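Summary of the model geometry
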Amino acid sequence: MSRGPAIVEQLRAALGVHGVFVRGCLSFSEGEGPHLSDGTSARSVVLLGNIGGSIWPAFSKWLDMPANRMRKDPLDDWSKAMIRPVASELGATAYFPSDPPWQPFQQWAMRAEGLKASPLGILIHPLYGLWHGYRGALGFTDVLEDVEMATSSRHPCDLCVEKPCMAVCPVDAVGAAGFHVQGCRSHLRTPEGRAGCMVSGCLARNACPVGAGYRYSAEQLAFHMAALQL
Ligand code: B12
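Residues numbered from 1 in each chain as written. Predicted model: local features only at pLDDT ≥ 70, side-chain atom pairs only at ≥ 80, totals over all residues. Heavy atoms only, no water.

1. Things to note about the packing of helix 2 (residues 56–63) against helix 3 (residues 74–90)
Convention followed: Working convention: axes come from line fits to C-alpha atoms, limited for helices to the stretch in contact. Angles between N-to-C directions cover 0 to 180 degrees. Runs of H or I in DSSP of at least four residues are treated as helices and runs of E of at least two as strands, each being numbered from the N terminus. For classification purposes, an angle smaller than 35 degrees is called roughly parallel, one larger than 145 roughly antiparallel, one from 65 to 115 roughly perpendicular, and anything else oblique. When checking whether two residues touch, look at their non-hydrogen atoms; a contact exists if any pair is within 4.5 Å. Under the scheme applied, nonpolar residues are Ala, Val, Leu, Ile, Met, Phe, Trp, Tyr, Cys and Pro; charged residues are Asp, Glu, Lys and Arg; polar residues are all the others, including Gly.
Remark: helix 2 packs on helix 3, axes separated minimally by 11 Å, with the N-to-C direction vectors making an angle of 110 degrees. Regarding the angle of helix 2 to helix 3, the classification is roughly perpendicular. Where helix 2 abuts helix 3, its residues Ala-58, Phe-59, Trp-62 and Leu-63 lie against Pro-74, Leu-75, Asp-77 and Trp-78. Along the lines of polarity and charge, the residues of the contact of helix 2 with helix 3 split into seven nonpolar, no polar and one charged.

Pasting the structure below:
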């Protein structure tokens, strides 16, 4: 019997209280997966992440503690503090999205959850829209079988005729040519950007009609925008 279901259960029990969800599981053929801490290649990866503002209550409480207020990358530090202990219990190698070398989290999510890219560059989920992200992933030496996870082949952007995300960016940073990072960042430093996107979040992301119920709170939006501007 595969240990997959027991691992998923243990992850849910350890991380669910922090708002971190098991998002998907994918397997690799020999030598194709990311490096494990023992130097071999992973045969499976389990993706962990937030759905809507699920992590915000636990993370903001942690961030309020005096020892955490001055951290440079608090969300990365928090994610590591939550995920590393359970990775160690399971004998898994933990990967984090912002740690170099960047692991292909979005490719993994496309494979594990069937997600597709939105015009913003971030993946759109049929239910959660653009309001989700990845907090870490765990690599295992074996293929985890019998793990039942939801996947979707539907691309919500195909059904969206108006595509409001592509019309609202004041500096056209979101367009057919992809996301223009410098244009976005320069705008965020202007008085208009500081009073607009920096306060209420990326206008293009906010304009997406999919998963509006999972939208981040004003506080969380401002936190992510501040991180993007750095
Ligand atoms: C570098 C990076 C950025 C750069 C983008 C530079 C660029 N032009 O590529 C900057 C700092 C600008 C950025 C911004 C944001 N990012 Co970013 N970013 C990353 C990071 C750390 C590495 C991407 C990468 O190169 N991976 C390496 C390659 C090998 O992996 P890959 O899966 O094959 O790569 C895919 C991406 O490169 C993607 N891609 C191509 N062009 C762009 C452009 C943008 C803006 C993004 C986000 C992705 C993207 O296409 C590739 C094929 O699938 C990833 C984490 C990760 N490890 O992947 C997060 C990540 C992609 N970002 C994420 C997010 C949420 C954002 C922001 C919304 C955050 C914010 N503060 O608002 C913004 C997006 C701005 C917007 N359009 O609204 C999420 C996306 C989740 C999702 N739903 O898909 C990730 C996965 C991090 C996470 N913790 O979940 N990001």
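2. A closer look at the site of the ligand
Definition in use: Proximity is defined per residue: any heavy atom of the residue falling within 4 Å of a molecule or strand makes that residue near it. Here a polar contact is taken to be a pair of N or O atoms separated by no more than 3.5 Å, where protein atoms must pair a possible hydrogen donor with a possible acceptor and residues adjacent in sequence count only if both atoms sit in side chains.
Close contacts around the ligand come from 23 residues, with Gln-103, Gln-106, Gln-107, Leu-123 and Tyr-134 the closest. The separation between a nitrogen atom of the ligand and a polar main-chain atom of Gln-103 is 2.9 Å. Contact distances for the ligand include 2.7 Å between an oxygen atom and a backbone N or O atom of Leu-123. Counting residues per element, the ones that place at least two in the shell around the ligand are helix 4 (105–113), strand 6 (132–140), helix 6 (181–188) and helix 10 (218–229).

3. A look at helix 4
Stated formally: Any residue under 20% of the maximum accessible area for its type is buried, any over 50% is exposed, and the rest in between are partly exposed; the area is computed with a 1.4 Å probe on protein chains only. By arc we mean the arc of the directions from the helix axis to the C-beta atoms, nothing more.
Restricting attention to buried positions, one finds in helix 4 the residues Phe-105, Trp-108, Ala-109, Ala-112 and Glu-113. The buried residues of helix 4 occupy one face: seen down the axis, they fall within an arc of 100 degrees. In this fold, the buried residues of helix 4 make contact with strand 1 (21–27), strand 2 (44–51), strand 3 (93–95), strand 5 (123–124) and strand 6. At the C-terminal side of helix 4, Gly-114 shows a positive phi close to 70 degrees.

4. Some words on the sheet that holds strand 3
Rules: Here the rule is simple: two strands pair whenever DSSP picks up at least two bridges between them.
With antiparallel pairing, the four strands of this open sheet are ordered in space as 1-2-6-3. Single-partner strands in this sheet number two, and they are strand 1 and strand 3. Each strand of the sheet is rotated relative to its neighbour by a mean of 25 degrees, with strand direction disregarded. Pairing between strand 2 and strand 6: eight bridges, direction antiparallel. Across the sheet, the residue bridging to Ile-51 is His-132, located in strand 6.

5. Regarding the side chain of Gln-220
For Gln-220, the position within the fold is in helix 10. Each residue touching Gln-220, except ones within four places of it in the same chain, is listed here: Gly-53, Ile-55 and Trp-56.

6. Points about the domain arrangement of the protein chain
What counts, and what does not: What counts as a domain boundary in this text is fixed by an automatic or database domain assignment. The term buried area refers to how much accessible surface (probe radius 1.4 Å) is lost by two components on association, counted for both of them together. A carboxyl oxygen of Asp or Glu within 4 Å of a side-chain nitrogen of Lys or Arg is what we treat as a salt bridge.
Taken domain by domain, the protein chain comprises domain 1 (4–154) and domain 2 (157–226). Taking only C-alpha atoms, the centre of domain 1 and the centre of domain 2 are 24 Å apart. Summing both partners gives a buried area of about 1,900 Å² for domain 1 against domain 2, and 74% of it is carried by carbon and sulfur. There are zero salt bridges connecting domain 1 and domain 2. Viewed at the interface, domain 2 and domain 1 are joined by four residue pairs in polar contact (both at pLDDT 80 or more). Within the residue set of the side of domain 1 that touches domain 2, elements represented by two or more residues are strand 2, helix 2, helix 3 and strand 6. Considering each element in turn, the side of domain 1 that touches domain 2 owes the most residues, three residues, to helix 2. Its residues assigned to classes, the side of domain 1 that touches domain 2 comprises 16 nonpolar, eight polar and one charged.

7. Regarding the packing of aromatic side chains
Our working definition: Only rings of Phe, Tyr and Trp enter the pairing, Trp through its six-membered ring, and a pair is recorded when the two centres are within 6.5 Å. The plane angle decides the type: under 30 degrees is stacked, over 60 is edge-to-face, the rest tilted.
On inspection of all chains with the given rule, the structure shows nine aromatic pairs. For the ring pair Phe-59 and Trp-78, a centre distance of 5.7 Å and an interplane angle of 70 degrees mean the geometry is edge-to-face. Of the two residues, Phe-59 sits in helix 2 while Trp-78 sits in helix 3, which places them 19 residues apart along the sequence. Accessibility expressed as a relative area gives 0% for Phe-59, which makes it buried.

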